[in-house]
Amino acid sequence: MSSIEVRELSVALDGRPVLSEIGLSVRGGEWLAIIGPNGAGKSTLLRAMMGLLEAQGEVLIDGVPVRSLKPKQRARLMAYAPQAPLLPAGLSVFDYALLGRTPYISYLGREGEHDREITGSVLERLDLSAFAARPLGHLSGGERQRVVLARALVQRAPVLLLDEPTTALDLGHQQQVLELVDRLRLADGLTVVTTIHDLSLAGQYADSMLLIDGGRHAASGPVKEVLTESLLARHFGAHVRVDQGHDGRPLVNLIRPATPEPVPVPVHDPTHPANGSGSQP
Ligand SMILES: Nc1ncnc2c1ncn2[C@@H]1O[C@H](COP(=O)(O)OP(=O)(O)OP(=O)(O)O)[C@@H](O)[C@H]1O
């Protein structure tokens, strides 16, 4: 199991600060959900943690700064499933997922039977076996999203970063994907960090949460302390009711704001100008 820690991570894009001194810490085998309104900087945070963006600050795995690691070493420790990556349309689902084995293959080497077996079993667990030979360009949005996750899982890294892994998925596949990630977490001790917009879903799976707003830390801690009506109203501008599910975890329900009182229909007043006769003396 590997822990991950982020210290004072700041990112500027196009000369504009997008993340300011963000910190987080996830113990090995735990699940952190990063939440926040649109444009808060959630995806940017994951990309910066992966070293895909220039950033100030430090990311450590088991206390080792990832900056000091070679790309292959880093890829054996951290896998990342981006939200909507550009996919080579002609590549097959199997060959794309197999790319997750790249960190284990030597220079000029080729993937072996073991790599193909791992890839096949991940595709099966994600309901993708039937698509193995299909070109990526011939998939639906939800199928593509599962293939991107498959590639990250095939990497078999102890830390898994997932950017909105369920947005394009139907209800059944949302549950299937999150259950699979959770089972891997429990069985293999995966450490999971995911951005996620569905707050009830996040509350079902995460151990802790980080709420960011405007690129800054707004709240963090156990799920129950972050998913509160007042924090969600303040940072999402949303009118919600937070209930307790059967397992004690919070369920976030959107509540329609009270509608304004209907405008009263005026009682017929013959003296009103709108009613014909006017108010002449
Ligand atoms: N390449 C870029 N250049 C300049 N600004 C960018 C770039 N990418 C993102 N941004 C800006 O950075 C901010 C954070 O974006 P980011 O995608 O991290 O937000 P997010 O919290 O993931 O949003 P969402 O919930 O909408 O997916 C936004 O204001 C966005 O417009």
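Residues numbered from 1 in each chain as written. Predicted model: local features only at pLDDT ≥ 70, side-chain atom pairs only at ≥ 80, totals over all residues.

Within an unreviewed UniProt entry, the label attached to the protein reads ABC transporter ATP-binding protein, and the organism entered is Sphaerisporangium flaviroseum.

A. Structural detail: the pairing of strand β10 (residues 216-222). Where strand β9 (residues 208-213) meets β10, six bridges bridge the pair, whose relative direction is antiparallel. Bridge assignment links Leu 211 to a residue of β10, and that residue is Ala 219. Two successive antiparallel strands, β9 and β10, enclose a turn made up of two residues, where Gly 214 displays a positive phi of approximately 60 degrees. (Pairing = 2+ DSSP bridges. Helix = DSSP H or I, 4+ residues; strand = E, 2+ residues; numbered from the N terminus.)

B. Focus on the sheet that holds strand β1 (residues 4-13). Spatial strand order, β2-β1-β4-β5: four strands in an open sheet with antiparallel pairing. Strands at the two margins of the open sheet, each flanked by one partner only, are β2 (16-26) and β5 (64-65). Note that β1 and β2 share seven bridges and pair antiparallel. Along β2, the bridge assignment pairs Val 6 with Leu 24.

C. A look at helix α4 (residues 113-125). An ideal rise of 1.5 Å per residue puts 18 Å on 13 residues; α4 measures up with 18 Å between its terminal C-alpha atoms. Looking at the buried positions of α4, the neighbouring elements they touch are α3 (93-98) and α5 (141-154). One or two positions beyond α4, positive phi appears at Asp 127, with a value near 65 degrees. (Expected span 1.5 Å × (residues − 1). Contact = placed C-beta atoms within 7 Å.)

D. Just the sheet that holds strand β7 (residues 159-163), in detail. If you trace the six strands from one edge of the open sheet to the other, you get β6-β7-β8-β3-β9-β10, paired in mixed fashion. Edge positions in the sheet fall to β6 (78-81) and β10, since each of these pairs with one other strand and no more. Each neighbouring strand pair of the sheet contributes to a mean axis angle of 15 degrees, computed without reference to strand direction. Sheet contacts for helix α1 (residues 42-49): β3 (31-35), β6, β7, β8 (191-195) and β9; angle to β7, the most-contacted strand, approximately 150 degrees. Lying over the sheet, α5 contacts β6 and β7, oriented at roughly 175 degrees with respect to β6. (Axes fitted to C-alpha atoms, helices over the stretch in contact; angles between N-to-C directions.)

E. Expanded view of the environment of Asp 163. When you line up the elements, Asp 163 lands in strand β7. Residue Asp 163 is classed as buried on the basis of its C-beta count, with 23 C-beta atoms lying within 10 Å. Between the C-alpha atom of Asp 163 and that of Val 193, which follows or precedes it by 30 residues, the distance is 8.5 Å. Setting aside anything within four residues of it in sequence, one finds Asp 163 in contact with Ser 43, Leu 46, Ala 81, Pro 82, Gln 83 and Thr 195. (Buried ≥ 20, exposed ≤ 12 C-beta atoms within 10 Å, placed from the backbone.)

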